[in-house]
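One letter stands for each residue in the lines below.
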Amino acid sequence: MSQKVVCLKYFSRFAELTGKTTEEYSTRVSSVEELWYELDKQYSFGQPISTVRPAINHQFCDWQSSINDGDLIGFIPPVSGG
Amino acid sequence: MHHFELVDYEIDRQSLVEKFSDPACGAFVSFEGWVRNHHDNRQVSHLFYEAYPELALNEGLSVMQQALANYNINSAICIHRLGSLQIGDMAVWVGVNAAHRDAAFQACRFVIDDIKARVPIWKKEFYQDANSAQWIGSEVNSL
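Let me sum up the structure you'll find in this document. (Residues numbered from 1 in each chain as written. Chains lettered and ligands numbered in written order. Predicted model: local features only at pLDDT ≥ 70, side-chain atom pairs only at ≥ 80, totals over all residues.)

## Concerning the sheet that holds strand S4 (residues 59-60) of chain A
Residues and elements named next belong to chain A. Taken together, the 5 strands give an open sheet; going across it, the order is S2-S1-S5-S3-S4, and neighbouring strands pair in mixed fashion. Two strands in the sheet have a free side with no partner beyond their single neighbour: strand S2 (22-27) and S4. Note: strand S1 (residues 4-9) against S2, 6 bridges, orientation antiparallel. Residue Leu8 lies in a different strand from S2, and its bridge partner there is Glu23. (Pairing = 2+ DSSP bridges. Helix = DSSP H or I, 4+ residues; strand = E, 2+ residues; numbered from the N terminus.)

Okay, structure coming up:
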């Protein structure tokens with residue numbers, strides 16, 4: 001598992017919880033799912049993974065998607081537009 | 001024509017309606033979402049809308065493309081406002097035109113339902129009681 005540096009984006013409640021809207025983050029995990037659990041240990045999002053959608057480089061993706069150095073990754077809490 | 005846009009200013013319905021003038025269309029249907037003063041028996045004072053702009057524009061455009069592909073309509077536009085909104089403000093506007101009314105009604109309903117379900121936009125409600133607020137959808141008090 002190689003070291004990667006990604007840019008994390010936080011929105012709505014996740015931005016308030018982390019106190020950040022973006023974060024440069026170094027990790028050795030391979031998938032966005034592993035990254036979510038790693039971050040959840042740090043920030044305790046309090047949001048079931050089944051209600052969150054991951055996105056890589058401004059596109060929704062699967063939880064098993066691989067992450068690469070330089071990726072821009074967002075975890076999308078339940079939406080409530082309209 | 002199809003269009004999805006996020007704006008941080010008051011939505012001008014008249015200028016939007018004028019875009020739908022089309023001699024081939026006998027039907028125009030619009031939906032307006034307004035800020036109401038109550039939710040779950042609590043008095044709402046105002047709202048704040050936030051988006052993930054790049055992803056919201058991708059998803060919003062996809063919704064509009066699906067509306068055109070799945071219904072016999074000519075044009076569809078959706079505008080969603082972001083930022084701080086007061087009671088009575090328009091948060092979202094959807095317009096659809098078609099040769100006949102059935103397709104226009106159905107497509108308009110499809111657009112607002114899908115925008116609400118899948119586009120990364122979040123609403124924070126501020127309440128009159130106890131200076132409290134919460135992000136809708138996450139159900140965790142955040143202030």
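From this point on, the discussion continues.
## Details of the packing of helix H2 (residues 53-70) of chain B against helix H3 (residues 101-118) of chain B
Describing two packed helices takes the angle between their axes plus the distance from one axis to the other. Residues and elements named next belong to chain B. Two elements in contact, H2 and H3, have axes whose closest approach is 10 Å; the angle formed by their N-to-C orientations is 155°. When the axis of H2 is compared with that of H3, the two are roughly antiparallel. Our pair here, H2 against H3, has a crossing hand that is right-handed. Contacts between H2 and H3 involve Glu59, Gly60, Val63, Met64 and Ala67 from the first element and Ala107, Phe110, Val111, Asp114, Ile115 and Arg118 from the second. Residue composition of the contact of H2 with H3, grouped by class: 7 nonpolar, 1 polar and 3 charged. (Axes fitted to C-alpha atoms, helices over the stretch in contact; angles between N-to-C directions. Parallel < 35°, antiparallel > 145°, perpendicular 65-115°, else oblique. Left-handed = near helix turned anticlockwise from the far one by under 90°. Contact = placed C-beta atoms within 7 Å. Nonpolar A, V, L, I, M, F, W, Y, C, P; charged D, E, K, R; others polar.)

Distances and angles like these do not, on their own, reveal function.
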